[in-house]
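Below are the chains, spelled out letter by letter.
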Amino acid sequence: MKQLIAIVVLVVAANAFAATSYWWDRTQVRSEFELSEEQCVLSDITRNRSIAMLRCTIRHTSETPWPKRRELERLGYAAIAVNLGSGWIEDFAPDPAFLDHKSHFIVPATQGNGMTTTALPPMPVRDPTPLTEAPPHLRKFRAKIRIGRLYQPSLVRLESNP
Amino acid sequence: MDRKSAQERVNRITAFMAELRELDREGVLHLSEEQRAAIEFHHSSLATALERDFDVDTTTGAEKLSLAMKIASGLSALALSLALYFLVEQFWGRLPLPAQIGILAAAPLAAVALAELAARRERTLYLTSVLCAIAIAAFVLNLSQLPNLLSVRSSPISLALFAAMSLLLADRYRLRLPLFFGLIFATSFVAMFPRWIAGYSWQNLYERPELLILAAVGVGLFGRRQKPDFAPMYRLVCGLALLVSFLGLATSGDISFLTLDHKLLEAIYTLAGLATAAFGIAWGIRRDWTETTVLASVGVVLLLFSKMYDWLWDVVPPYLFFLLIGVISLALIAAFRYARQRLKENPA
C-alpha cells in the first residue's frame, strides 16, 4: 500500500508544483510589466511560444552558461510584455482560433536563429495597434533585449521589426 | 516460490514424464505399475497445486496461449496508450485550463487504481501489466503537457519522476514491464541531469554518452542486489545502455567529453566496447545469464560492422565490402563454435 500512497503523492505534488509555479509567474509578470488582466490572458497563451523559441535557440548555443539561460527565459517574458504592451510585432498577435486551442501552438518561422520550425501561413492579425514609441515602463526591457542580442537572435528580430 | 519457479517445475515434470516414457519404449528402464502410479500421482497433485496457486500452464497448448496473451497484453497497452494520447489531442482545445490540468493529473491515478483492482482479481497479472503501462504513459503525457499549459520549464527531473512511478509500480506488483520502463527513465535521468546542472542542453541523450556508461554501470551494480525475477531486467537495461554508448562513441568521437583527436577516441572506444562485450559474453556464459550473453554478442557484431562501414565503405567497392562482412561473419561463427565446444568440455 505504501507504493500506492507514494504514487499519489508523486502525481499530486508534480501537478501542484506546476500550478503554483504558473500562478507565481503570472502574478510576477503581471505586476512587473503592468499588464491588464486581458493582456495577461494573452500572455499566458503566447509566452509558451516565446519560451519555446528561446529554448530552440539555447539548444543551438549549448555553451551558454546556466545563469545566462535563466536570464534568457526571463527575457522571454519581457519580449511578450513588449509585444502585448506596445503592439510592435504584429505577427506575434495571437489569432482568435489560437485562443480556443491552447495546446496547438503556431510557431512562425524565424530567420537567422538556427531554428528548424516549418514555415506556416501568416497568422491572422488580431487588432494590431502599432505604437510609435514604447511606453515608459517597457523601455527598460529594450536594454535587456539588447543584452540578449548575442544569445537570442529572435529577440533582435523582435526589436528591429517596427 | 514465485510463478516463474512454479512454471519451471511444471516444465521439468512434463519433460521428465516424456523422457520416462521414451526410456520405457527403448527398453532401458521399466518401472512397476505401482512405481509409475506413485510418480504420476505425485506429479499430478503437484501440478494441480501449482496451477491453483500460481496459474501456471500445465500443457503445451496452454503455454502457447499464455505467450499469445503476453503479446496481446503488450499490444493492447500500446494501443490504449496511443488512444489516450490521440483522444487528448482531438478534444483538448475545447476544455478550460483547470479541466485540462485535472484530467491530466487524474488519468495516471485512475489507471493505477484500476491496476490495483485488477491485481486483486487476477493471478497472471496480464491486465495489471497493461494498466500499469497505461498509468506510466498517462503520467508521461501529464508531465509532458504541463510545459505547454503552465509554462513550466521542461527538465530531466521529469525523467526521475517517471522512473519513480514506474519503479513503484514494478515493486508493488512485481512486474517486469514497469521495471523496464523505470530503469530506462532512471538511466536517462542519470545521464542527463549533470548536463542540465552544468547548463548544457539536456534533451539529446546521444551527446556525451560517457554519462550513459556511468548510468549503465550504476544500474548493473544495483541489479546485483535484486531478486532473481528482477535481476535479468537490470542486466538487460545495463547492457542496452552500454551498447548504445559504445556504438555512439565508436562511430562519432566528437560527441565524447574528452578532447582528444576524434579518430583516436573512436579507436579507443571501439576497443573498449569490444572488450566489454567479450567480458559480457564470458560472464554471461559463466553465470548462465542468457540476456547478457545475447546482448553482448549482438554488441560485438554491431560494433564490428559499424566500424567496418566507417573504415571501408568509401574505400572499397560494395562487393568487396559485403564479401569482407561475410568472411568476418564466418569467423565469428567459428569463434562462437569454438567457445561452445570449450563450454561442453568444461561445463563448470
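Residues numbered from 1 in each chain as written. Chains lettered and ligands numbered in written order. Predicted model: local features only at pLDDT ≥ 70, side-chain atom pairs only at ≥ 80, totals over all residues. Heavy atoms only, no water.

Asker: Explain the overall build of chain A to me, please; I cannot follow it from the model alone.
Answerer: When you go through chain A residue by residue, the secondary structure sums to six helices and zero strands. Across chain A, helices and strands are ordered from the amino to the carboxyl terminus as α-α-α-α-α-α. In chain A, buried positions account for 42% of the 162 residues. Taking as baseline every contact in chain A between residues at least 6 positions apart, the subset at least 24 positions apart corresponds to 69%. A total of about 8,500 Å² of accessible surface is found on chain A, and carbon and sulfur atoms cover 61% of it. (Helix = DSSP H or I, 4+ residues; strand = E, 2+ residues; numbered from the N terminus. Buried < 20%, exposed > 50% of the residue type's maximum accessible area, 1.4 Å probe, protein only. Contact = heavy atoms within 4.5 Å. Areas by Shrake-Rupley, 256 points an atom, 1.4 Å probe, with all protein chains shown as cover.)

Asker: Just to check I follow, could you spell out unusual backbone geometry for this structure?
Answerer: With glycine set apart, most residues show a phi of negative sign, and most peptide bonds adopt trans. All names here are of chain B. The phi torsion at R174 lies on the positive side, around 55°, for a residue other than glycine. Tracing the backbone shows R174 in the loop between α6 (157-173) and α7 (176-197). Of the residues examined, R174 reaches a relative accessible area of 33% and is grouped as partly exposed.

Asker: Would you mind going over the confidence of the model for chain B with me for this structure?
Answerer: The predicted structure's coordinates, where accompanied by low pLDDT, should not be read in detail. Taken residue by residue, chain B gives an average pLDDT of 83. The fraction at 70 or more is 93%. Per-element confidence in chain B ranges from a low mean pLDDT of 77 for helix α3 (residues 60-91) of chain B to a high of 92 for α6(B). (pLDDT = per-residue confidence, 0-100.)

Asker: Explain the packing of helix α9 (residues 231-251) of chain B against helix α11 (residues 290-312) of chain B here, please?
Answerer: To characterise two packed helices, one gives the angle between the axes of the helices and the distance between these axes. Residue and element names in this part refer to chain B. Contact geometry for α9 and α11: axes closest at 10 Å, N-to-C directions at 10°. As far as their axial angle goes, α11 and α9 are roughly parallel. In this structure, α9 uses P232, R235, L236, G239, L240, L243, F246, L247, A250 and T251 to contact α11, whose residues at the interface are E291, T292, L295, G299, L302, L303, S306, K307 and D310. Looking at the contact of α9 with α11 residue by residue, the classes come out as 10 nonpolar, five polar and four charged. (Axes fitted to C-alpha atoms, helices over the stretch in contact; angles between N-to-C directions. Parallel < 35°, antiparallel > 145°, perpendicular 65-115°, else oblique. Nonpolar A, V, L, I, M, F, W, Y, C, P; charged D, E, K, R; others polar.)

Asker: Even after reading the chapter, I still don't get the nonpolar core, so can you show me in this structure?
Answerer: Within soluble globular proteins, side chains that are nonpolar generally end up buried alongside one another. The biggest cluster of nonpolar side chains holds 34 residues, and the ones touching the most others in it are V112(B), F139(B), M165(B), L169(B) and Y173(B). Of all the secondary structure elements, the ones that give two or more residues to this core are α1 (2-32) of chain A together with α4 (97-121), α5 (126-150), α6 and α7 of chain B. In terms of residues, this core owes the most to one element, α5(B), which gives 10 residues. Apart from the residues lying within four places of it in its own chain, the contact partners of V112(B) are L4(A), I7(A), A135(B), M165(B), L169(B) and Y173(B). If you look at the next biggest cluster of nonpolar residues, it comprises 21 residues, including L183(B), I213(B), M233(B) and F246(B). (Core = buried A, V, L, I, M, F, W, Y, C linked by side-chain atoms within 4.5 Å.)

Asker: Help me out: how do you make sense of helix α8 (residues 210-223) of chain B in this one?
Answerer: Residues spaced three or four apart along an α-helix point in a common direction, a consequence of the helix completing one turn every 3.6 residues. All names here are of chain B. Over its 14 residues, α8 extends 20 Å from the first C-alpha to the last, a length consistent with the 20 Å expected when each residue adds 1.5 Å. E210, L211, L212, I213, A215, A216, V219 and G223 are the residues of α8 that are buried. Among the structural elements, α7, α9 and α10 (262-287) are those in contact with the buried residues of α8. (Expected span 1.5 Å × (residues − 1).)

Asker: In this structure, what is going on with the packing of helix α1 (residues 3-25) of chain B against helix α2 (residues 33-54) of chain B? I would like to understand it.
Answerer: Residues and elements named next belong to chain B. The contact between α1 and α2 brings their axes to 10 Å, and the two run at 155°. With respect to their mutual orientation, α1 and α2 come out roughly antiparallel. As α1 packs across α2, the resulting crossing turns out to be left-handed. Of the residues in α2, those in contact with R3, A6, R9, V10, I13, F16, M17 and D24 of α1 are R36, I39, E40, H42, H43, L46, L50 and F54. Classifying every residue of the contact of α1 with α2 gives nine nonpolar, two polar and five charged. (Left-handed = near helix turned anticlockwise from the far one by under 90°.)

Asker: What's the story with the packing of aromatic side chains in this structure? I'm lost.
Answerer: The description of two aromatic rings rests on the distance between their centres and on the angle between their planes. Residue and element names in this part refer to chain B. Tallying each qualifying case throughout the model produces 11 aromatic pairs over all chains. Considering the side-chain rings of F189 and F193, the 5.1 Å spacing of their centres and the 40° angle between planes classify their relative orientation as tilted. Here F193 and F189 lie together in helix α7, a separation of four residues that amounts to about one turn. Plain terms: the ring middles of F321 and F322 are 5.3 Å apart, the flat faces sit at 80° to each other, and that makes the pair edge-to-face. Among the aromatic residues, ring-to-ring pairing joins Y309, W313, F321 and F322 into one connected group. Across the ring face of F230, the terminal group of R174 is positioned such that the distance to the ring centre comes to 4.0 Å. (Phe/Tyr/Trp six-rings, centres within 6.5 Å; stacked < 30°, edge-to-face > 60°. Lys NZ or Arg CZ within 6 Å of the ring centre and 35° of its normal.)

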